[in-house]
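Working through the structure, step by step
These are the residues of each chain, in order.
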Amino acid sequence: MPHRHLATLMLFLFTAGTALAAEPDLALGGPDGVLRLTHAGQPYCSLRPGAFDQAWTYAGPAVAGAPGAGPAHFSITAGGGALAGESEVASSGAQRLTAHWRFTATRPVALNSLHVSAEFAAADLIGGTWAADDHHGAFPPTLGEQQLFGGAVRHVTITTRDGRTLGFACPAPVSVGLQDDRRWGQTFSLRFGLDAKLGAGEKRAFAVTIETPAETILDGPVTLAAGPGWIPFHDELDIVPGSALDLSDQGFQDAPAGKHGRVIATPAGHFAFTDNPQRAQRFYGVNLCFGAQYLAHADADRLVERLVRLGYNAVRIHHYEGELLGGKAGGAPLAEKFDQLDYLVAACVKRGMYLTTDLFVSRPISAAQLGLAADRPVNFKVLVPVVPAAFADWQGFARVLLDHRNPYTGRRWADEPALAWLAMINEGNFENYYGDMRAIPEWRTAFAGWARAHYGDRAALAAAWGAELHADEDPAAPGGLALPADAGADTPRSRDLQRFLAATERDMFRRMRAFLRDELKCAALLTNCSSWYNRVLAQGTRTDFDFVDDHYYIDHPEFLAAGWQPPSRSPDADPVRSGRTGGRANAFVRLDGKPMTVTEFNYVAPSPNRGLGGMLAGALGALQDWDGMWRFAYSHDAASLTSPAPLSYFNLVCDPLNQAADRMALCLFLRGDLTAAPHGIAIAMGEGELAEPRSVPFTDRPWDWAAWVTRISTRVVATVPGAAHRDGERLVLPLGIGRQDAPTAANTALTIGDDALLGLLRTAHLLPAANVTAPAQGVLAAETGQLLIDGPHGTMLVDAPRSAGGFIVPGATLDAAVAGLRVSAASVPATVLVSTLDGQPLRQSRRLLVTHLTDLQDSGARFAERARTTLLAFGTLPHLVAAGSVTIRLARAAPGELAVWALSAGGRRLERLPATSDADGLTVTLDVAGKDGARMLYEIAAP
């Protein structure tokens, strides 16, 4: 299941939007007490109440009352206490707002910080300036000192790099900290601090006048309804055989799964089948979760047949254990549930679908089950490596699952060639649960054991740690060593913690691998460490894996009250203008010589930008030459598989927009319509510097924009190169975290700037001289020439022989010269892709699928503001599609031989559209509003 981390939530970018530039800016006081300022439809600053406890663990606000008129009511739980909060905002002039936050301790609370923090995207402020009363400074291009200013002042002014100013005036001096947050995420923050120790009933308050750079008005709620702007859409779940939406004839599956032997990992770093190890094989699939895997046999057959026609060749069985075990901790599998799961697996095998799963996801675990005290909290993911009973329990379930013989295939799960991949623990990166780990005594004991093995005795440890080793600490003592408050701090204890975590992960994986290979005789490819906190030291551990896996989400909701339901909020930043394109950071997790998968990704509903997500995901996966991608998720329940349902956050089955977008990914990535980048950048990490690091950074780099230009990977080497250099088709950058063997060259992966990186690529002849990439301006061009992201104009162009189109805004034109496609006259922002269905280039194809996506929501969906970033309630059927039109022109000979039809969600031809032909091509206008309701899909073919 996906997660969000508050330290990286606020990735906002200010952009001047073409269509909305004349509109006033908006201010919204959210139901969680967060004030958001929006320009041209995009957030550029948020003011958020929050707290850090005495261990510097962050706590943010949660909605504490139903959203409505009057002050917003929120709560913050931290520091052993609780705060009830109120916030309100009012307009006090065309460019002036007044905002108030009030806090009351419902029980005593002691904090390191109680504050209201104004947060900005770093990209907005780099090159801009700040002033705090008489103090002045600039926002630096690279991370240096974390605190840019600290002191008590009355007025702060922030000036963005393009000259917009935002002022904060307080009635009396208040403690202010201006911080560079790029150690954790690409933001700067301005923190207004309050007295952080409160007895029960004590109050604190903060008021500020905000001087905005343009006319700003207060925003308000909206409810969507059918009308001229929103057209009802009639959903269909199953695909008409032989229709333009039936992708089962594209060669994605070759049934039954396993007919060509097992899936293997090749030395070239790709998947292949044992019968043909020279031919790389990609996989693209969906996650099935919870009840969506436990179906009547006929429903399982219907589902798998649908997935095949949709074009998928892989399924991830996910969140399956709870229902399999009847929801009981330590329970045995229920025969009926195992039968349903067996049948689903057999149905996938029969139709050529390959499978992956995790050996722990979310099954219920009790303290008693592990022999722990009843009052012990149980986070199984971080008990497995340090509690022997937990490891044995993990083995026990794996044995039950993999030793089980499927009556419908006649094979044990461990012997099933279609079960190609296994992850040990879903999203089990230790640091994901660091707060829990610090409270687990077995982790302190294990840390002490590692320190004894590494240093020998307390005296040697004291020499290494200095004052960080407390007087009452001894690695030989029963209490162990405390884990540091900040796992990534640049201190001896934190650096050693990261070395210890990497060693613990490697030891755990090796024990798991030995169990699976030696005892269970399972030949599936193995991996682990699939998400979120990826430190460079983990790359050394990943060298033991058969393949590397990671996850990403764009516009993952932030739940404001209860989890997994409204009210919720998503950033919803335009991914082209803002650069919030998913997967860029994940590229740095890849290891040379290892296949790379992303078993969870999504552009999440109800974001209006998710229609572009399929194109972005497929294009990035193809350019990076990844090996497998899985959407999260197709469904979480059985009911939505058999009849249309209202929109939900993640489920494709009830989101026709994301389903249509996924066909773009299938064409671009799985079919290979976009060419993989022939060159790349490899970060070289020395075994020595991973063993003795002088810092513990995350794998991703500020220059992650390069993932849209060329391939990105890492490699673990015996000796760190002394300088950046070309090695075959790669530019090799030394990582630069070693102590003794640290490179002296300025251009390490940690220090290199954008211009220097581009210069090295060009001088090494790894990037064409004509490539127009300019990351500071948001212009990114793939080295293949098939893809261009034009941030200043808000467009994206895809131009390949068999697929072309992109993202277009009103006033723009997309010219795909290779494919012979022009897209123009867009009335609203839209994603358009034209793909061939007969294997021929667009210029010669006689059957094409056209996708035109605007936005899709539900009837009666309610949002807190017109930008629709805060969801108050999902609506009901029918779905509504945002009205809009666009014109496409195909250059081709004999265009009059083709006709254009609007398609239903299942591929039925609804209506033949008027099209014009001349000697050079075919022109047709696509309009969401049709006589049968909204339409998003079209077929061009001979009548």
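Here the structure is a predicted model, which means the values were calculated and not measured.

Thoughts on the overall build of the protein chain
On a plain count of helices and strands, the protein chain comes out with 15 helices and 58 strands. In terms of C-alpha radius of gyration, the protein chain reaches 28 Å, essentially the compact-globule figure of 30 Å for 943 residues. Expressed as a percentage of its 943 residues, the buried residues of the protein chain come to 60%. Accessible surface computed for the protein chain: about 31800 Å², of which carbon and sulfur atoms make up 54%. Computing the positive centroid from 82 side-chain charges and the negative centroid from 97, the protein chain places the two 2 Å apart.

A closer look at the sheet that holds strand β36 (residues 711-717)
Read across the sheet, 4 strands follow the order β36-β35-β38-β37 without closing on themselves; strand pairing throughout is mixed. Because the sheet does not close on itself, it has two edges, and the strands there are β36 and β37 (725-727). Strand after strand, the sheet turns through a mean of 35 degrees between neighbouring axes, direction not considered. As defined by bridge partners, β37 adjoins strand β38 (residues 730-734) across 3 bridges and the pair is classed as antiparallel. If you follow Arg726 over to β38, its bridge partner there is Leu731. Of the strands in this sheet, β35 (680-686) and β38 are in contact with helix α15 (residues 754-763), which crosses β38 at around 140 degrees.

Thoughts on the nonpolar core
One finds Trp394, Leu402, Trp703 and Met796 to be the most contacted residues of the largest nonpolar core, which totals 223 residues. Filtering out sequence-adjacent residues up to four positions away, Trp703 remains in contact with Phe588, Ile681, Ile683, Ile712, Leu733, Ala749, Ile752, Asp754 and Leu757. One finds Leu35, Trp101, Val156 and Leu198 within the second-largest nonpolar core, a separate group that totals 47 residues.

Focus: the pattern of salt bridges
For the structure on display, the rule yields 58 salt bridges. Glu416 is the partner of Arg411 in a salt bridge, and the nearest nitrogen-oxygen pair spans 3.0 Å. Ionic pairing is found between Arg412 and Asp415, a salt bridge with its closest N-O pair at 2.9 Å. Assessed through its relative accessible area of 12%, Arg412 is described here as buried. Each of Asp246, Asp301, Glu305, Arg309 and Arg351 takes part in one network of salt bridges that share partners.

Points about the side chain of Asn602
The residue Asn602 is located in strand β33 (residues 596-603) in this model. By relative accessible area, which is 0% here, Asn602 ends up buried. Separated by 2.4 Å, the side chain of Asn602 and the backbone oxygen of Phe632 make a polar contact. In this structure the side chain of Asn602 is engaged in a polar contact, spanning 3.5 Å, whose partner is the side chain of Asn658. Apart from the residues lying within four places of it in its own chain, the contact partners of Asn602 are Tyr552, Tyr553, Ile554, Arg631, Phe632, Ala633, Phe650, Leu652 and Asn658.

Re helix α12 (residues 613-624)
Between its first and last C-alpha, α12 extends 16 Å over 12 residues, near the 16 Å set by a 1.5 Å rise per residue. Within α12, 12 of the 12 residues are buried, which leaves it mostly tucked inside the rest of the structure. Listing the buried residues of α12 in full gives Gly613, Gly614, Met615, Leu616, Ala617, Gly618, Ala619, Leu620, Gly621, Ala622, Leu623 and Gln624. One or two residues past the end of α12 sits Asp625, with phi positive at roughly 60 degrees.

Here's the deal with the confidence of the model for the protein chain
Reading fine detail from the predicted coordinates is not recommended where pLDDT is low. Mean pLDDT for the protein chain: 92, with 96% of residues reaching 70 or above. Across residues 1-22, where pLDDT falls below 50, the model places 77 contacts with residues more than four positions away in sequence or in other chains.

Observations regarding the pairing of strand β12 (residues 135-138)
It is a general feature of regular strands that their side chains alternate between the two faces of the sheet. The pairing of strand β11 (residues 129-132) with β12 spans 4 bridges and is classified as antiparallel. In the strand pairing of β12, Ala132 is matched with His135. Linkage of β11 to β12, two consecutive antiparallel strands, is achieved through a turn of 2 residues, within which Asp133 is found at a positive phi near 50 degrees.

Focus: the pairing of β38
With 5 of 5 residues buried, β38 is to be regarded as a mostly interior element. Bridge count between β35 and β38: 5 bridges; the pairing is parallel. When the sheet's bridge partners are listed, Ala682 is paired in β38 with Val732. Counting the residues between successive antiparallel strands, the hairpin from β37 to β38 contains 2 residues, one of them, Gly728, with a positive phi of roughly 65 degrees.

Quick look at unusual backbone geometry
Glycine aside, residues mostly have negative phi angles, and peptide bonds mostly take the trans form. Residues Ala255 and Pro256 are joined by a peptide bond in cis, for which omega reads -5 degrees. Topologically, Pro256 is positioned in the loop between β20 (230-233) and β21 (263-265). Between Phe632 and Ala633 the backbone carries a cis peptide bond, its omega angle lying at 0 degrees. Looking at the secondary structure, you find Ala633 in strand β34 (residues 628-635).

As for the packing of helix α5 (residues 388-402) against helix α9 (residues 492-519)
Look at α5 against α9: their axes get within 11 Å of each other, and the N-to-C directions meet at 30 degrees. In this view, α5 runs roughly parallel relative to α9, as classed from their interaxial angle. In this structure, the crossing between α5 and α9 has a hand that is right-handed. Where α5 approaches α9, its residues Phe391, Trp394, Gln395, Ala398, Arg399 and Leu402 are matched on the opposing element by Met508, Arg511, Met512, Phe515, Leu516 and Glu519. Across the contact of α5 with α9, the residue classes tally to 8 nonpolar, 1 polar and 3 charged.

Definitions and limits used
Residues numbered from 1 in each chain as written. Predicted model: local features only at pLDDT ≥ 70, side-chain atom pairs only at ≥ 80, totals over all residues. Heavy atoms only, no water. Helix = DSSP H or I, 4+ residues; strand = E, 2+ residues; numbered from the N terminus. Rg over C-alpha atoms; globule rule 2.2 N^0.38 Å. Buried < 20%, exposed > 50% of the residue type's maximum accessible area, 1.4 Å probe, protein only. Areas by Shrake-Rupley, 256 points an atom, 1.4 Å probe, with all protein chains shown as cover. Lys, Arg positive; Asp, Glu negative; His and termini not counted. Charge placed at Lys NZ, Arg CZ, Asp CG, Glu CD. Pairing = 2+ DSSP bridges. Axes fitted to C-alpha atoms, helices over the stretch in contact; angles between N-to-C directions. Contact = heavy atoms within 4.5 Å. Core = buried A, V, L, I, M, F, W, Y, C linked by side-chain atoms within 4.5 Å. Salt bridge = Lys/Arg side-chain N within 4 Å of Asp/Glu carboxyl O. Polar contact = N/O pair within 3.5 Å; in protein donor to acceptor, adjacent residues only side chain to side chain. Expected span 1.5 Å × (residues − 1). pLDDT = per-residue confidence, 0-100. Parallel < 35°, antiparallel > 145°, perpendicular 65-115°, else oblique. Left-handed = near helix turned anticlockwise from the far one by under 90°. Nonpolar A, V, L, I, M, F, W, Y, C, P; charged D, E, K, R; others polar.

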